[in-house]
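Descriptive structure summary
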Amino acid sequence: HRNLFGLGQSLRLAGEFSRVANSADATFRWPWFLAPRQTLALQAAYGEIDTEAYDVRGTRAYAGLEWPLWEHWTQSIGISGELSRVESPEGRENVRLAGLPVRVTRDTSNDLLNPTEGSKLNLEMTPYFGESDTTLTFVRAIVDGTLYLPLDEARDFVLASRVQVGSIFGETRGSIPANKRFYLGGGGSLRGYKYQSVSPLNASDQPIGGKSMFAVTTEMRWRFLDDFGLVPFIDGGNAFNNIYPDFSEHLQWAAGLGFRYYTPIGPARLDLAFPLNRRSIDRSVEFYISLGQAF
């Protein structure tokens with residue numbers, strides 16, 4: 001509903017049902033709340049996520065304010081709460097967390113699902129306070145930057161690159177709830193590897209998550225015959241036990257080729273990715289189907 005009380009307030013109800021996640025959430029947004037161009041955002045959700053790295057079931061809530069800083073820049077600040085049961089290869093724990101998420105973004109890209117020029121920069125930092133088996137105090141920070149560079153006037157050739165860096169401060173890796181640690185792998189982070197499989201592993205080769213991560217990807221997007229596209233790409237990255245990415249440990253790399261069919265609402269995507277330094281737990285090829293470019 002895009003005009004709930006007659007002042008542009010929106011209400012969105014959503015559900016997700018899959019092998020990995022089952023959830024329901026409600027999001028309410030009130031533009032021009034108390035001040036021009038300031039938006040109130042409220043969200044409540046309940047659900048379960050079940051992956052090889054962890055199984056989480058619980059509720060979460062968020063309340064925050066968003067407003068523009070300068071041209072192309074926006075900022076948000078809020079408060080969040082989570083009550084969840086987290087099971088991982090290291091055991092089971094009941095987690096209660098309060099967070100103070102802060103986000104600053106800069107977006108000069110020209111399209112949501114198929115950007116052909118511009119850039120994006122997303123800076124996120126969330127201090128968490130709470131308890132599980134012990135009292136918890138830690139800070140989770142992520143820097144995410146993308147660049148879209150058209151190589152011809154018609155923008156049929158676009159070089160796209162993305163770099164992500166993350167770090168968690170304040171607790172040992174084992175004390176941080178498993179669902180707050182860093183993992184890579186999958187269509188949204190590191191193609192060529194199973195979802196969340198790129199991270200420190202235990203003795204049984206199960207992912208246990210890291211305190212930091214680094215990921216980089218580059219694509220050459222070629223559009224031809226108006227509706228079709230080919231996208232060769234290379235992805236690399238890893239999650240680490242240390243607070244900062246440890247480049248003395250090797251990165252996992254993958255290369256692949258993507259196929260695009262451009263629809264009126266955005267490109268339909270099929271990516272085939274092949275791990276270049278394959279581990280014993282990795283398959284020889286992974287494929288991904290989605291709507292919109294990979295980033």
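Attention in this report is confined to the structure presented alongside it. As the structure is a prediction and not an experimental result, all values here were calculated from the model.

**Digging into the nonpolar core**
- One finds Tyr 54, Leu 97, Phe 138, Phe 182, Leu 184 and Met 213 to be the most contacted residues of the largest nonpolar core, which totals 23 residues.
- When contributions to this core are tallied by element, the ones reaching two or more residues are β6 (91-99), β9 (135-150) and β11 (212-224).
- In terms of residue count, β9 provides more of this core than any other element does, 3 residues in total.
- When near neighbours in sequence (up to four residues on either side) are disregarded, Leu 97 contacts Ser 80, Gly 81, Glu 82, Tyr 128, Phe 129, Gly 130, Leu 136, Phe 138, Pro 177 and Lys 180.
- Counting 5 residues, the second-largest nonpolar core is a separate cluster that includes Tyr 148, Ala 160, Ala 294 and Phe 295.

**Focus: the packing of aromatic side chains**
- Scanning the model with the defined rule gives 14 aromatic pairs in all.
- Considering the side-chain rings of Trp 70 and Trp 73, the 5.8 Å spacing of their centres and the 80° angle between planes classify their relative orientation as edge-to-face.
- A relative accessible area of 58% means that Trp 70 is categorised as exposed.
- The exposure class of Trp 73 is partly exposed, given its relative accessible area of 22%.
- Ring pairing ties together the aromatic residues Phe 157, Trp 222, Phe 224, Phe 228 and Tyr 261, which thus form one cluster.
- The positively charged end of Arg 221 is found above the aromatic ring belonging to Phe 295, 4.9 Å away from the centroid.

Here is what the cut-offs are and how they apply
Every chain's residues receive numbers from 1 upward, in the order its sequence appears when written. Given that the model is predicted, a residue must reach a pLDDT of at least 70 before its local features are reported, and side-chain atom pairs must reach 80 or more before they are shown or counted; all residues, however, enter totals for whole chains, interfaces and linings. To obtain the side-chain values, all non-hydrogen atoms of the structure were used and water was disregarded. Among buried residues, those of type Ala, Val, Leu, Ile, Met, Phe, Trp, Tyr and Cys that are joined through side-chain atoms within 4.5 Å constitute a nonpolar core. A 1.4 Å probe rolled over the protein chains alone gives each residue an accessible area, and that area as a share of the maximum for its type sets the label: buried under 20%, exposed over 50%, partly exposed in between. Counting from the N terminus, the helices are DSSP H or I runs at least four residues long and the strands are E runs at least two residues long. Contacts: residue pairs with any heavy atoms within 4.5 Å of one another. Planes of paired rings set the category: under 30 degrees apart is stacked, over 60 is edge-to-face and the rest tilted, where pairs are Phe, Tyr or Trp rings (Trp by its six-membered ring) whose centres lie within 6.5 Å. Only Lys NZ and Arg CZ are tested; either one counts as a charge over a ring when it is within 6 Å of the ring centre and within 35 degrees of the ring normal.

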